[in-house]
Every structure is written in C-alpha cells, then in structure tokens.
Amino acid sequence: MPVISIDNLVKTFGGIRALDGLDLRVEAGEVHGFLGPNGSGKSTTIRILLGLLRHDSGEARVLGADPWRDAVRLHRRLAYVPGDVSLWPNLSGGEAIDLFGELRGGLDRRRRDELLQRFDLDPTRGCRTYSKGNRQKVAIVAAFSSNVELYVLDEPTSGLDPLMEAVFQDEVRRIKQAGATVLLSSHVLAEVEALCDRVSIIREGRTVESGSLAELRHLTRTAVIVETARPVTGLDALPGVHDVREVDGRTHLEVEPAHLDELLGQLIRFGVRALTSTPPTLEQLFLRHYGDERVAADDPESAEAQRAGTR
Amino acid sequence: MTALTGTRRLARLVLRRDRIRLVIWVLGTPLLGYALAGSVAGIYPDEAARQGYATTSASSLVARAFNGPIAGTDVGAVVVAETYVTLALIVALLSTFAVTRHTRQNEETGRAELLGASVVGRYAPLTAALLVVVAANLAAAALLAVALTGAGLPLAGSVAAAGAVGGVGVAFTGVAAVTAQVSVTSRGANALAAAVVGLSFVLRAAGDVLGDTSADGTRVESGWPSWLSPLGWGNQVRAFGGERWWVLALPVALLLAGVALAYALAERRDQGAGLVAPRPKPATGAAWLLSPAGLAWRMQRGTLLGWAVGIAVLGVSMGVAADEFNAMIEQNPAAAEAINAMGGGADLVDAYLAAMLGLFALTIGAYVVQALLRIRGDEADGVLEAALATAVSRTRWLGTQVLAAALGTLALLLLAGLTTGLGYGLVTGDPLGEAIALGGAALLRLPALLVVAGVVTALFGLLPRRSVVLSWTALLVFLLLGQLGAVLELPQAALNVSPYTHVPSVPAVDPAVLPLVLLAGVAAALLTVGVTAFRHRDVPS
Ligand SMILES: Nc1ncnc2c1ncn2[C@@H]1O[C@H](COP(=O)(O)OP(=O)(O)OP(=O)(O)O)[C@@H](O)[C@H]1O
Ligand SMILES: [Mg+2]
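Sequence order sets the numbering: in each chain, residues are counted from 1 along the sequence as written. Note on labels: chains are lettered from A, ligands numbered from 1, in written order. With pLDDT at 70 or above as the cut-off, local features in this predicted model cover only qualifying residues; side-chain atom pairs require 80 or more to be listed or tallied, and sums for whole chains, interfaces and linings still use all residues. As a rule here, side-chain values come from all non-hydrogen atoms in the structure, and water together with hydrogens is ignored.

**Student:** Would you explain the interface of chain A and chain B in this entry?
**Tutor:** Much of the literature gives interface size as the accessible area that the parts lose upon coming together. We call two residues contacting when some pair of their heavy atoms lies within 4.5 Å. Contacts between the two partners involve 36 residues from chain A and, on the opposite side, 38 residues from chain B. Summed over both partners, buried area is the accessible surface (1.4 Å probe) that two parts give up on being assembled. Across the chain A/chain B interface, buried area totals approximately 3,100 Å², and carbon plus sulfur atoms make up 61% of it. Take a side-chain nitrogen of Lys or Arg and a carboxyl oxygen of Asp or Glu: if they are within 4 Å of each other, that pair is a salt bridge. At the surface where chain A touches chain B, the tally comes to three salt bridges. Side-chain atoms alone can form a polar contact between residues adjacent in sequence; in general such a contact is a pair of N or O atoms within 3.5 Å, and within protein one must be able to donate a hydrogen while the other accepts it. Inspection of the chain A/chain B interface yields 21 residue pairs in polar contact (both at pLDDT 80 or more). Strands are runs of DSSP state E lasting at least 2 residues, helices are runs of H or I lasting at least 4, and numbering of each runs from the N terminus. Mapped by element, the contributors of at least two residues to the side of chain A that touches chain B are strand 1 (4-13), helix 2 (71-75), strand 5 (78-81), helix 3 (93-104) and helix 4 (109-118) of chain A. It is helix 3 of chain A that provides the largest number of residues to the side of chain A that touches chain B, a total of eight residues. Residue composition of the side of chain A that touches chain B, by class: 16 nonpolar, nine polar and eleven charged. Residues are sorted three ways: Asp, Glu, Lys and Arg are charged, Ala, Val, Leu, Ile, Met, Phe, Trp, Tyr, Cys and Pro are nonpolar, and all the rest, Gly among them, are polar.

Rendered as structure tokens:
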C-alpha cells in the first residue's frame, strides 16, 4: 500500500484552480521528489496532505487514512518542515524545537542534541533573532529528531548554505535507512538527484511526469557529436533521430535513448573517428517539463545554450 | 543621498496602505463630533439646564475624573465636557497604533529591510509615518472645527475644541515615535504607548479631581497633575470658556521633542533591533511550556502582567477617590443634593464604584480582543500552520486560547474589583470587606466579556482575514454605545447590541441572575460557532 496516494485532486481558491486533477503516489521507504515551477501547486498539495486545507474533489490518502478527518492521528506519524519557517518570536530556538517535538508526541533527546551540533545551531538564541537559514534549521531539527514514518518536506533547504545542505542530505539518507518515507518538494536539482528514488513533476496543478530519474532520462534525447571518415548519410531515415546538422565537418544530432543502438549501427559504416554523447542534464529534463513543453528539446539554439551553461 | 531621501515616496505608500482607515478616521471624528454637539444642545437647551449641569459637573468628583474640568455654561463647554475625554482617548490610540504600524511593524516583518535596501534614507520611514499621522490629525481637527461650527457652536470655541482633540493626536504621535524605537516588537511598542496614554489619563483625572471650583460653581481650575498629561492639555485650552490658545503649543512641543529623541535613538540602533541587547534564552523547553496551554501562558504572561499593574494602580487610586464623596457630602450638602437628584437617589458612592467597575470591564475588553487575536497573528505569519501539523487538534488549539483569555479576563476583573475595594476600604476602615464585596461585584462583568471573546472567536472562525479589523470595530462600537449612547439618545434597541448594557451595575443596583445567564448563553453560542467554523475552514486562510 502506498504511503501517499492522491487521485484526481482538485483544489480551488476562489476563482484560481490551484490543483487541477493531480495524481501522486509515494511508496513506503522511498524518497520521492516533488517538483514543479513556482505556483504549480506543490505547497497546496502538501497542505492538503497535512489536513490544513480541504480539497474540492478527488481523493487523498496518507498512511491509509483521510488526512482531513484523521488529521490528529496522522500527525503523530509524520513530521513537516515548511518552506518558509516562522516561529514564536519570543521563544528560544531550543524551546521551539522541544515544543514542536512534544506537540507531535515526543522527541528523541539524544538525536536532538546531535542534530543541533551537526547543524551548528545555537538553541539559546531568541527565534526573533534567527536568520532565514537558522529558522529553517529549527524546523529541520525538530522534524528529524522525532521518530516518525513519514517526513513531509516543503523546500526544506531554502536558505541553507552548501555545508548545511550536505548535512541535510546525510540526515535524509539516515532516515531513509531507518525505513521512513520522505516527500521532498525542492527546486534544488542537485539535491533531488542525490536523494530521490523517484520524482513527480507537476505543472499548473497537474502531474506531467512521474518515475525514477533513469526513467525520466529515458524520455529525453541524448545529444551526439560524431566525426567520421566519410560524410554520413541516411540519418534522417532512422527512427528517433532529430536535428541533424553539419558543423565544421562534424555531425551534430539528438537521439532518443531507445534508438541509440540503430544510430550506432548506422554511424559505424562511415568510419567513426570521434564520438561524444551527452546524456540530458537534469536541468534540461526539468526545463522541458517546467517551460513550454518542447522549447528546450526542439530549439537547437536554446538546447545548445543550456548545455553550454550547465557544463 | 540624505537621511530623508525617499520620504515622499514612503509617505505615499503609507497613504495607500491606510487609505480606508484614514478616511474613516478623518471623516468619522467630525461626524461623531457633529452628532454629539447636536444632541447635547438638545438635552441642555437653556441656560438654566446648563447651569445645573455645570454646577453638578464642577462639584462631582466622578464627573471631574471622567469628563474633565467644566469650563462654564456655554453649550460648547457642555459638549466638550461630555465628549472630549472619549474623543481624545480614541485619537490618542489611533495615532499611536498608526505610527507603530508604519515603523516598528515594518521592521518586525522585514518589509522595512526591503525598503531600506532601495533608495531610502535612514530617517525616511519614520518621517513618512509621522507626516501622514500628523496630517491626518490636522485634517480631522479642521473638519471637526467645521462640524462643530456647523452644529451651531461659536467659531472660536469650535476651533479651540478641535485643536484640543487634534493636539492630543499630535502629542501621542510624538510619544509613539519614541516607543517604536525602544521596543523590538510592534506589540511592545503599542503597549508602551498605551501605557503612556493610561498614565496620562490617571494624571489628568487626579489633577482635575484635586482642582479648585470657581466662586460661581460652574468652572474647575485643574490641579498641577493635569498639566503633566497630554490628555489634560486639551482641557486647559478651555474651549468655549475663555480660550487659552497658547496651550496648543504644548502638544506641538511634545511632538518635536519626541521626534528629536526618536531620530537620536534611530541613529544609535540597528535596523530591526531595540535599545536593549537580547539575552541568551533557555536552550531547552521547560516541561510546563511544552503544551498548548503552556505556550498560551508563556505568550500571555507579559501582557497580563502589564495589564495587572495598570489595573491595580488605577483600582487603588479610584477606590481611594471614592471616599471623597463621603467627605464632600458632609461639607457641602447642597452639592450632594444636586448629585443625588442626578443620580436618582441611589447611594452616591455605590453609583461611582459601579461606574468604575463598568469602565474596567470595558477596558479589559481590549485585553480580550488583543489576547484572542494573537492566534490570527500566528495564522497570518505561518506558525499556526506548523502547530496544526502536529498532533494537536484545531479544537484543542483554539479552545486553549479561548480558555487562557477567559482565565486572564477573570483574573483581571477580580484584580480590578479587589484593588478598588482595597483602596476604598483603606480610607473607610474595612479593606478586606470592601475588597471582597467589590471583587465579587466585578466578577459579575465576566459574562459580558465572554460575549466579547465569543465575538472575536466567531469572527476568527468565519472571517479570518477581516477578524482583526472587525473585532476592534466591535469593541469600539460597544465602547461608544456605553459612553456616548445616552448622550446621543440612541434607542434602547441600539444600546442592547452591546453586552455591557445588560450587566447589572452592582453595587449600585442589586445583582440579577437572568441577564448574566443570557449573556453566558450568547457567549457559548458564539464560541461554538467560532470553533466549528475554524474546524471546517482552510488554514492558513
Ligand atoms: N490561500 C490561497 N489563496 C489563494 N490562492 C492561493 C492560496 N494558496 C495558494 N494559492 C495559489 O495556488 C497556486 C499554487 O500555489 P502553491 O503555493 O501550492 O505553489 P508552489 O508549487 O508551492 O510554488 P512555489 O514553488 O513557489 O513554492 C498559486 O497560483 C497560488 O497563488
Ligand atoms: Mg511552495
């Protein structure tokens, strides 16, 4: 049974359709990346999963229960880190962590102290005086020091420095090892690549892609540059090959991963001298889904520019 | 770039953000003044009636304490006596809240940082806020002068009276400029400024009570404490009773002094910081803190302490003042007779004490609103969402807040009664007995305050985004109905809207059970509506 299952979820705010038939499935024990452009509905989905918002139609189940009706019971089994943490300004960071932990049903003191140290957070400072990153750390420490089955993290690392980002990734691996499930909404692709078993990409309130990173890569073309002894011909007739161009005596083209085999078979006949093949970067992958569907893939100029920019 | 660069742009921003509030303020004050002037003129149409009013006002210590010193028998003088203190208090609080809102609150929320990074001088945000608030006060005063003249009052007096009210606003604008520098939170800045308003009220009341009555018995010359109070200055202008124009320079002087001090303080501190450096706090949460109730107590205790100190000081002094009635009745049987005629024959001291307790109940209403609106503040800045994502139900969370506010109210009411009784008992010789009697009488006000709590809770559940404005508006309406309803000769049906109308004014009359039970019933219904609506709506909303 999936830990989170959402079917055809719809949520409107007044006239705005924030979620428009969203589907999402998160299996037990996986770290699931939840991606999408700004305003695509990630936080809204998460708030519905936490029973904070009521959905209009469709179905959402968390750990087998209805998140709206069974909110309190469910909350004992999950921990939440919001993307923009705000705290009670007159409590200290340590007090805020203990309070959240206790309200959730208890926290592991040893873990708490260890995490404070790892995240280099001074718990005696007033929450009013914390920087954005430090407020984020308070919520992360509070969440990770409770032993729960599901962690719901909404852009948890926004504002963390690279060192802290690394600590965060370690901790996510640790809770995954312990068997917990993680839903991770993030704009940091390196983090997603490092942590996530599977990802779901949403746009304008709908799921546009879902699968493992390898599967998603499969859907995007590989760029190939080949230098041959004799001019290559017959490429246009091959299935899955696109954008063939001659530049300085070399052939540039893009190929769908499923048809790489046929392509190589054809190329080999013209005496291959040099060949580079570039799998799609994560950025390209996402830009393809985030932006206007085809731009990144079909427009060679922009595809080239993006490759140059990300190498 | 100078320290004032960008002031004009920021002032426009303030105007834009507050356009509705400012319009209500600038138009509401003169409209209220017009209505009050008209109705007072109707109640006291001839010289004889006003003569009676003036002598009673001059001889009654209660009237002196709450209406200020009477300045003769002109219709205008009666209008001022009936309305000045209420209008001045409203204007003082409006001005302080407005200044805080556009200075400290911006720093607290980080908006100021965003602005500070653009082309904006160090003093520009403060200056912009002060300019707008002073301009609003001047505009309201100018229209008030027109309104009073339009109601048929003499021109000079109308201008002086309007200037007096506007002056209070201007003076407290200066006070708020300073408190906004001192406190780190807007709540703290407002509380500090409100404390200055309260202190001004007490000083003015004391000075007016201690003052001398003129030979013809229709005028009061205030004692020196009134001169220390910006609220008192308005009375010293003596509108409609031989105007002393130079007194209007006092609020202006206070404004200038306040602004100078505020600039100097702003120079010395960092953006977002106060004047006191933060101390290290506990690294772990104490066991008592770690529950909704513990958190509510932690959040409330500072506020409660402030309220308790204010109420205790006011209670004891008002209690001590009550004994003056006994002395006065012995010394001046004629005045006593006049007051008796006004007071409907009831025991004078009891009438006074009942009025005091009623006033305390009204004031504590502000505590109730403030305490309960905290949860809306938490919702607006996102911390409520994080709290409700833990294993605490919405009912428990909101219920705890309501319970905490109710207990705080109970404690403050009891304290008000006890200290008033204590003050009165200390001079009459039975401190314990009086304290217990008045403590009990004060508790009878609890159901009315629970209705206020119910109104705020229902608004929070049903109309969260509007709840702050609507809650304070509701309290203001209750206040105006209680303080001015009789003067305006409003129909009973209108007065009945306020829960305070239904509280038997013990000890002046015997307690009645039915109205209290009904009030409690209404409160319970409103609370149920609020909690139910909260359980079924989106958070945050
Ligand atoms: N309380 C609300 N009232 C009205 N509209 C809302 C509300 N909350 C969200 N929306 C709208 O719903 C849409 C989805 O917002 P949401 O916050 O879920 O996006 P997101 O994917 O989390 O974006 P981001 O990456 O910027 O965090 C947006 O258009 C937003 O404006
Ligand atoms: Mg979001």
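**Student:** Looking at this structure, how should I read the domain arrangement of chain A?
**Tutor:** For chain A, the assigned domains are domain 1 (4-213) and domain 2 (221-279). Domain delimitation follows an automatic or database domain assignment. Relative placement of domain 1 of chain A and domain 2 of chain A: their C-alpha centres are 44 Å apart.

**Student:** Help me understand the packing of aromatic side chains in this model?
**Tutor:** Remark: the centre distance and the inter-plane angle together describe each pair of aromatic rings, the angle taken between the planes. Two aromatic rings, drawn from Phe, Tyr or Trp (for Trp, its six-membered ring), form a pair once their centres lie within 6.5 Å of each other, and the interplanar angle then sorts them: stacked below 30 degrees, edge-to-face above 60, tilted otherwise. Scanning all chains against the criterion turns up eleven aromatic pairs over all chains. Between the aromatic rings of B:Phe66 and B:Phe201, the centroid separation amounts to 6.1 Å while the plane-to-plane angle is 45°, which identifies the pairing as tilted. Within this pair, whereas B:Phe66 is found in helix 4 (residues 61-67), its partner B:Phe201 is found in helix 10 (residues 186-210), the two being separated by 135 residues in sequence. Each residue gets one of three labels from its accessible area relative to the maximum for its type: buried under 20%, exposed over 50%, partly exposed in between, using a 1.4 Å probe on protein chains only. Judged by its relative accessible area of 10%, B:Phe201 is buried. Clustering of aromatic rings is evident, with ring pairs tying together A:Trp88, A:Phe100 and B:Trp397. Sitting over the face of the ring of B:Phe201, B:Arg204 holds its NZ or CZ atom 5.0 Å from the ring centroid. Only when the NZ atom of a Lys or the CZ atom of an Arg is both within 6 Å of the ring centre and within 35 degrees of the ring normal do we say a charge sits over the ring.

**Student:** Explanation requested: the pattern of salt bridges in the structure shown.
**Tutor:** It is possible for side chains of opposite charge to pair when their charged atoms get near one another. All names here are of chain A. One pass over the full model with this rule turns up 31 salt bridges over all chains. Close ionic contact of Arg109 with Asp98 constitutes a salt bridge, the shortest N to O distance being 3.3 Å. Placement of Arg109 in helix 4 and of Asp98 in helix 3 is noted, with a sequence separation of eleven residues between them. By relative accessible area, which is 0% here, Asp98 ends up buried. Here Asp113 makes a salt bridge to Arg112, at a shortest N to O gap of 2.9 Å.

**Student:** Explanation requested: the pairing of strand 12 (residues 250-255) of chain A in the structure shown.
**Tutor:** Regular strands have side chains that alternate between both faces of the sheet. All names here are of chain A. In terms of burial, strand 12 is a largely internal element, five of the six residues being buried. When DSSP locates at least two bridges between a pair of strands, those strands are taken to pair. Note that strand 10 (residues 222-228) and strand 12 share five bridges and pair antiparallel. Following the sheet pairing, Thr222 is matched in strand 12 by Val255. Pairing geometry for strand 11 (residues 241-247) and strand 12, over five bridges, is antiparallel. Pairing of Val247 across the sheet is with Arg250, part of strand 12. Where strand 11 folds back onto strand 12 in an antiparallel hairpin, the turn is made up of two residues, including Asp248, whose phi is positive at roughly 50°.

**Student:** Can you help me understand the confidence of the model for chain B in this one?
**Tutor:** As a note on interpretation, predicted positions should not be read in detail where pLDDT is low. All names here are of chain B. Confidence in the prediction of chain B, expressed as mean pLDDT, is 89, and 94% of residues score 70 or more. Mean pLDDT values over the elements of chain B span from 55, in helix 15 (residues 333-342), up to 98, in helix 20 (residues 446-462). The complex model carries a pTM of 0.82, and its ipTM stands at 0.84. pLDDT is defined as a per-residue confidence score from the predictor, taking values between 0 and 100.

**Student:** Any chance you could explain the site of ligand 1 here in plain terms?
**Tutor:** All names here are of chain A. Only heavy atoms are used to decide nearness, and a residue is near a molecule or strand if one of them lies within 4 Å of it. The local shell around ligand 1 consists of Phe13, Ala18, Pro37, Asn38, Gly39, Ser40, Gly41, Lys42, Ser43, Thr44, Glu155 and His187. The contact in question runs from an oxygen atom of ligand 1 to an N or O atom on the side chain of Lys42, over 2.7 Å. The separation between an oxygen atom of ligand 1 and a polar side-chain atom of Ser43 is 2.7 Å. In short, Shrake-Rupley with a 1.4 Å probe defines the accessible areas, and a residue's cover is counted only from the protein chains shown. Protein contacts shield 68% of the accessible area of ligand 1, which totals 630 Å² for the unbound molecule. With three residues, helix 1 (residues 42-49) is the single largest residue contributor to the shell around ligand 1. Its residues placed into classes, the shell around ligand 1 shows three nonpolar, seven polar and two charged.

**Student:** Even after reading the chapter, I still don't get the side chain of B:Gln236, so can you show me in this structure?
**Tutor:** Residue and element names in this part refer to chain B. For Gln236, the location among the structural elements is in helix 12 (residues 230-236). The exposure class assigned to Gln236 is buried, which follows from its relative accessible area of 2%. Setting aside anything within four residues of it in sequence, one finds Gln236 in contact with Asp208, Glu221, Ser222, Ser226, Trp227, Arg244 and Val247.

**Student:** How should the environment of B:Ala191 be read in this particular structure?
**Tutor:** For B:Ala191, the location among the structural elements is in helix 10. Residues B:Ala191 and B:Phe97, spaced 94 residues apart in sequence, show a C-alpha to C-alpha distance of 9.6 Å.

**Student:** Please explain the sheet that holds strand 13 (residues 272-278) of chain A as it appears in this structure.
**Tutor:** Where strands meet in a sheet, backbone hydrogen bonds hold them as pairs that are either parallel or antiparallel. Residue and element names in this part refer to chain A. Overall, antiparallel pairing links the four strands, which are arranged 11-12-10-13 in an open sheet. The open sheet is flanked by strand 11 and strand 13, the only strands paired with a single partner. Each neighbouring strand pair of the sheet contributes to a mean axis angle of 15°, computed without reference to strand direction. Lines fitted to C-alpha atoms define the axes here, with helix axes fitted over just the stretch in contact, and angles between the N-to-C directions of these axes take values from 0 to 180 degrees.

**Student:** What's the story with the sheet that holds strand 9 (residues 206-212) of chain A in this structure? I'm lost.
**Tutor:** Residues and elements named next belong to chain A. Here we have six strands laid out as an open sheet, ordered 5-6-7-3-8-9, and mixed in their pairing. Lying at the two open borders of the sheet, with one neighbouring strand each, are strand 5 and strand 9. Geometrically, the sheet is characterised by an average inter-axis angle of 15° between neighbouring strands, direction not taken into account. Examined bridge by bridge, strand 3 (residues 31-35) and strand 7 (residues 181-185) share four bridges and lie parallel to one another. Paired with His32 across the strands is Leu183, a residue of strand 7.

**Student:** In this structure, what is going on with the nonpolar core? I would like to understand it.
**Tutor:** Nonpolar side chains in soluble globular proteins tend to be buried together. Ranked by size, the top nonpolar core spans 190 residues in total, and within it A:Ile4, A:Trp88, A:Phe144, A:Tyr151, A:Phe168, B:Trp397 and B:Tyr500 carry the most contacts. For this core, the element with the most residues is helix 16 (residues 348-380) of chain B, which contributes 16 residues. Among residues more than four places away in sequence, those in contact with A:Ile4 are A:Leu24, A:Arg25, A:Val26, A:Leu49, A:Arg61, A:Leu150 and A:Leu183. Judged by nonpolar contacts, the second largest core, of 24 residues, contains B:Trp25, B:Val120, B:Val259 and B:Ala262. Residues belong to one nonpolar core when they are buried, are Ala, Val, Leu, Ile, Met, Phe, Trp, Tyr or Cys, and are joined through side-chain atoms within 4.5 Å.

**Student:** What is the right way to read helix 10 of chain B from this model?
**Tutor:** How far a helix is expected to stretch is found by multiplying one less than its residue total by 1.5 Å. Here helix 10 of chain B spans 36 Å end to end across 25 residues, near enough to the 36 Å set by a 1.5 Å rise per residue. Turning to helix 10 of chain B, its buried residues number three or more, namely B:Ser186, B:Ala189, B:Asn190, B:Ala193, B:Val197, B:Ser200, B:Phe201, B:Arg204, B:Ala205, B:Gly207, B:Asp208 and B:Val209.

**Student:** Please clarify how a nonpolar patch on the surface should be interpreted in this entry.
**Tutor:** All names here are of chain B. On the surface, Leu403, Leu407, Leu410, Leu414, Leu418 and Leu443 cluster together into a nonpolar patch covering about 470 Å² of accessible area. Ranked by residues supplied to the nonpolar patch, first place goes to helix 18 (residues 394-428) with five residues. Among the structural elements, Leu414 can be located in helix 18. Accessibility expressed as a relative area gives 32% for Leu414, which makes it partly exposed. Grouping into patches uses exposed residues only, defined as over 30% relative accessible area, and leaves out salt-bridged ones; the cut-off is 9 Å for like charges and 5 Å for nonpolar side chains (Val, Leu, Ile, Met, Phe, Trp, Tyr).

**Student:** Explanation requested: the environment of B:Ile70 in the structure shown.
**Tutor:** All names here are of chain B. The residue Ile70 is located in the loop between helix 4 and helix 5 (75-102) in this model. Counting along the chain gives 150 residues from Ile70 to Val220, while the straight-line C-alpha distance between them is 5.7 Å. Ignoring any residue separated from it by four or fewer positions in sequence, one finds Ile70 in contact with Tyr53, Ala54, Ser57, Ala58, Ala77, Ala81, Thr218, Arg219 and Val220.

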